Structures are given as structure tokens and as C-alpha cells.
Amino acid sequence: MISPFHYRADELHCEELSLSSIAEEVGTPCYVYSQSAIEAAVTAYQAALQGLRYRICYSVKANSSLGILRVLVARGLGADIVSLGELRRWQAAGGDPRKVVFSGVGKTREEIDAALMADIFLFNVESEEELAVIAEVARTRGVRARVALRVNPDVDPQTHPYISTGLKQNKFGISMPTARRLFESAAKHPSLEILGIDCHIGSQLTKTSPFTDAVARLVAMVLDLERAGIRLRTLDLGGGLGIDYGKGDAVPPSPGEYGLAIKEALAPLAHLDMEILCEPGRSIVGPAGVLLTRVLYRKASEAKHFLIVDAAMNDLMRPALYNSYHPMQAVRDPARTAITTDVVGPICETGDFLARERNLPVLDAGELLCVGAAGAYGSSMSSNYNTRPRGAEVLVHGDKHAVIRRRETLEQLMANEQVAEL
Ligand SMILES: *Cc1c(COP(=O)(O)O)cnc(C)c1O
């Protein structure tokens, strides 16, 4: 597929629509998503996993806007959630709770109870203590909870430390020896149904080897349990496949390459006919979205040139949080003279930057800049810091578009507050 974001007559488009016309209609900053790009990513995963009995559970935290979830619901996907709020979003978008897996280290009793009552497919359990609480809540309700144990395979995903989760010093998952013991005891528990094993080793992985190393450890555990008379039915690989942020360094494997590698690693389990789950987030929605922002000021000090734009770290937190790189393009006339500049927002933090030392066309106040690969962990991580309303979100499909989220109003930002005279 040609990139959904492309120039026509020096004017950047998303599918058939010019980004300028969208910015004109909804204002800036705003997120714009290509429905075709999201659907193409889903198709790529489905093709890659062909031959396995699989279920794709989209990781809702990557982008939890209802309009995005709806596209994935329509494609028959399941969901990986980490809070009750995400379950309710999935349901509000028409998603089936029985296709939901619930991950996360800090599920509350209330969340566990609500998820059980919604009859979700599976809890990915992250500790012995959590397993006990799930068993207790299920017993009180007179039901059996379907669970998988999230093991910590202790492999280095070779990604940013903040998004590495499968090392033994991380807070996620259960160590292999503890998991082995818990499988034995949970298998006998009347309120628990042990369905499978799960892992998620990190995000933005740019090689297949950490995945295959992790799978090899899970495979060994599954075979060991089989010998002990415990037969698992699901194996969940988590998410984590990286995307190309255009920095020119490591280009991550495609879903196709990922699929080939994991199929090979899973071969020793062929006789068990397990259902293979995966939980991609970033690689489904990341490349499909951009953040549109307008230049407010150009500012040059002796040392540096700054583009001050109307989007900030509250809109797109990744550069401030992980020092991450996003590709940037002028929405009009990309071929003009370039300059080395920092791109910064209006927030009162030095960490409020979108790019540093970037070579970009010289943009004037009022012009539009397109921040690419912003569909994942962009809007879902946005906040109201500096009392900034979160921007609009627009979904494009061909020459059609819809505002899937209106810009927040200042009234909404203050709605739950009151002054008190004490
Ligand atoms: C965040 C997360 C994912 C998705 O990771 P991506 O890198 O966006 O694919 C999947 N599973 C779990 C448990 C997660 O926490």
C-alpha cells in the first residue's frame, strides 16, 4: 500500500483529503488517522499468523478513542485491556467482552469483579497475590475465572528502559519458578480455570530475537507442564512489535517477518493445538496517525532556532517521556530551504519539546507542521497539563472523514471542581 500520508501538488494529504482542509475545519492541534492504514496493519497481522489458531487482541492503551476501537471491532479483533475504563470503552465501541484479555499488575477487586461479570475471556495474572484475589472474587460470585499466568521470561528486549517489561528486575509478570508452582496449585483450585501462559516483554522491539527467545522459554514451560499432566490451551505472546519512526536507525521487522519467526519458535507445540494470542498496539495504529500543529512563533537566540508550535507535551508526551523521535513534514511546499531547529510547545517545562536539532523547512507563523507516526501512545497519553484542552481527533477513509473526538472545552476541564471556603 502507498503511504496513506502523501503529497499531492506539494500539499500533504491523508488518503484523499488534504491535511490543511482538516486543520481548517477542526483547528489545531489535532490528530488525524487513516482508517485504511489501520485496516492494512490488521490484514498484515492476519496474513502473518495464517496457519496458527490465533486471536489478535488489540492493546487498547495504544489508542483508546472509540472511533479507532470501532474500526478494530468491525475487523473482528479482540482487546487487551489494563483497566476497567478500557473495558467500558471497548464495550462502548461495540466490542465483545468475551474477546477481552485483562492485563496489568494492579487490577483492583472492583475491576476484577466487573470484568468477571462482563464474562471476559481471560485474566492475565501478574502475581501470586493477584491470583488469590481473583480466586476469592470468583468464589464469592459463584463462578470460575479463566486465567493465564503472565510469566517474566527474563529476556532483554533491547528497547528503551521505560518500555522494557520482560527483565527480572521489572515489575511485570511472575518469575518462571514461581509460575511453575502456581500452575500446579491453581490447576486444583475450584474457582479458577487455568487456560494458558502469557508474556509481554516490552514495546518498540526492533528485532525478532527477543520474541523468539521469550517464546522458547514459554514453550519449555508448556511442555514441562504437559509432562506434569497440566494441559494449557492458550499461549499469549503479548505485543511489542516496533514501528519505523523514520530516524534512519534500526527498521523493525514487519508483521510477516515476526509471524515467520514465532511460528518457527512455536513448532514444538504443534501437537497441542493451542490458541495463540497476540496483543499488538503500536504496530496497528502507530503509523496510521499524525499530529497536526500550527507554528505560533519562530524564535532565534544566539545559540539556537526554535519553532514554537501549538502542540505540546500534553498532546504528545513521547518525546518528553522517552526522548523519542517523530518524523516531521511541512504540510505545504516541503521542498523549500531547510534550517536546523528545535520544535517546542507552549508548556512551561524545558522537557516540552517535540524535536531537537531537526532539519526542517523554514516555516512561518500560521503554517502547519505534521508530526508523523503519532497514532499510538499519542492521544491516549495526552493530558490537560497547563489547563490545555485535549485536541480534536479525525478519522479519514478515502475522501470521507469524521470527527471522532471533539476538542475539549474549558468548561469540561473545570466541571468536577469547586472552590471551598473552610
Ligand atoms: C502495552 C502492552 C501491549 C502493547 O504493546 P505495543 O508495544 O503497543 O504493541 C500489549 N500487552 C501488554 C500487556 C501491554 O502492557
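Rules behind the numbers
Residues numbered from 1 in each chain as written. Predicted model: local features only at pLDDT ≥ 70, side-chain atom pairs only at ≥ 80, totals over all residues. Heavy atoms only, no water. Helix = DSSP H or I, 4+ residues; strand = E, 2+ residues; numbered from the N terminus. Rg over C-alpha atoms; globule rule 2.2 N^0.38 Å. Buried < 20%, exposed > 50% of the residue type's maximum accessible area, 1.4 Å probe, protein only. Contact = heavy atoms within 4.5 Å. Areas by Shrake-Rupley, 256 points an atom, 1.4 Å probe, with all protein chains shown as cover. Lys, Arg positive; Asp, Glu negative; His and termini not counted. Charge placed at Lys NZ, Arg CZ, Asp CG, Glu CD. Pairing = 2+ DSSP bridges. Domains from an automatic or database assignment. Buried area = accessible area lost by both parts, 1.4 Å probe. Salt bridge = Lys/Arg side-chain N within 4 Å of Asp/Glu carboxyl O. Right-handed = clockwise from strand over helix to strand, strands pointing away. Axes fitted to C-alpha atoms, helices over the stretch in contact; angles between N-to-C directions. Parallel < 35°, antiparallel > 145°, perpendicular 65-115°, else oblique. Left-handed = near helix turned anticlockwise from the far one by under 90°. Nonpolar A, V, L, I, M, F, W, Y, C, P; charged D, E, K, R; others polar.

Thoughts on the overall build of the protein
(1) Moving on: Counting its regular elements, the protein contains twelve helices and 21 strands.
(2) Moving on: Here the protein has a C-alpha radius of gyration of 23 Å; the compact-globule value for 422 residues is 22 Å, and the two agree.
(3) Moving on: When its C-alpha atoms are laid out on the principal axes, the protein stretches across 70 × 60 × 40 Å.
(4) Moving on: Within the protein, the fraction of its 422 residues that count as buried is 54%.
(5) Moving on: Long-range pairs, those at least 24 residues apart, make up 70% of the contacts in the protein with a sequence separation of at least 6.
(6) Moving on: Total accessible area on the protein stands at roughly 18,300 Å², and carbon and sulfur atoms take up 52% of it.
(7) Moving on: Averaged over its 45 positive side-chain charges, the protein has a centre that lies 4 Å from the centre of its 51 negative ones.

Some points on the pairing of strand β17 (residues 338-344)
(1) Moving on: Bridge count for strand β15 (residues 305-309) against β17 is three bridges, and the pairing is parallel. Counterpart to L307 in the pairing with β17 is V343.
(2) Moving on: By the bridge criterion, six bridges tie β17 to strand β18 (residues 353-361) in an arrangement that is antiparallel. Of the residues in β18, the one forming a bridge with I339 is L360.

Examining the domain arrangement of the protein
(1) Moving on: In terms of domain boundaries, the protein breaks down into domain 1 (5-33 + 286-413) and domain 2 (64-280).
(2) Moving on: A C-alpha centroid distance of 33 Å is found between domain 1 and domain 2.
(3) Moving on: Taken together, the contacts link 17 residues of domain 1 with 14 residues of domain 2.
(4) Moving on: Overall, the association of domain 1 and domain 2 removes approximately 1,200 Å² of surface from exposure, summing both partners, and the carbon and sulfur fraction of that is 66%.
(5) Moving on: For the pair domain 1 and domain 2, the interface holds zero salt bridges.

Side note on the pairing of strand β6 (residues 78-81)
(1) Moving on: With burial as the criterion, each face of β6 is covered, one bearing G78 and D80 and the other bearing A79 and I81.
(2) Moving on: Alignment of strand β5 (residues 54-59) against β6, held across three bridges, turns out to be parallel. By the bridge assignment for β6, Y58 is matched with A79.
(3) Moving on: With respect to chirality, the unit in which β5 leads through helix α3 (residues 66-74) into the neighbouring parallel β6 is right-handed.
(4) Moving on: Direction of pairing for β6 relative to strand β7 (residues 100-102): parallel, over a ladder of three bridges. Bridge pairing in β7 places A79 opposite V100.
(5) Moving on: Following the backbone out of β6, through helix α4 (residues 84-92) and into the adjacent parallel β7, one traces a crossover that is right-handed.

Quick notes on the packing of helix α5 (residues 109-117) against helix α6 (residues 128-141)
(1) Moving on: Put simply, α5 and α6 touch, their axes get as near as 10 Å, and they point 50° apart. The orientation of α5 relative to α6 falls into the category oblique. Note that α5 runs across α6; the crossing there is right-handed. Here R109, I112, D113, L116 and M117 of α5 lie close against α6, whose contacting residues are V133, I134, E136, V137, A138 and R141.
(2) Moving on: The class makeup of the residues in the contact of α5 with α6 is seven nonpolar, no polar and four charged.

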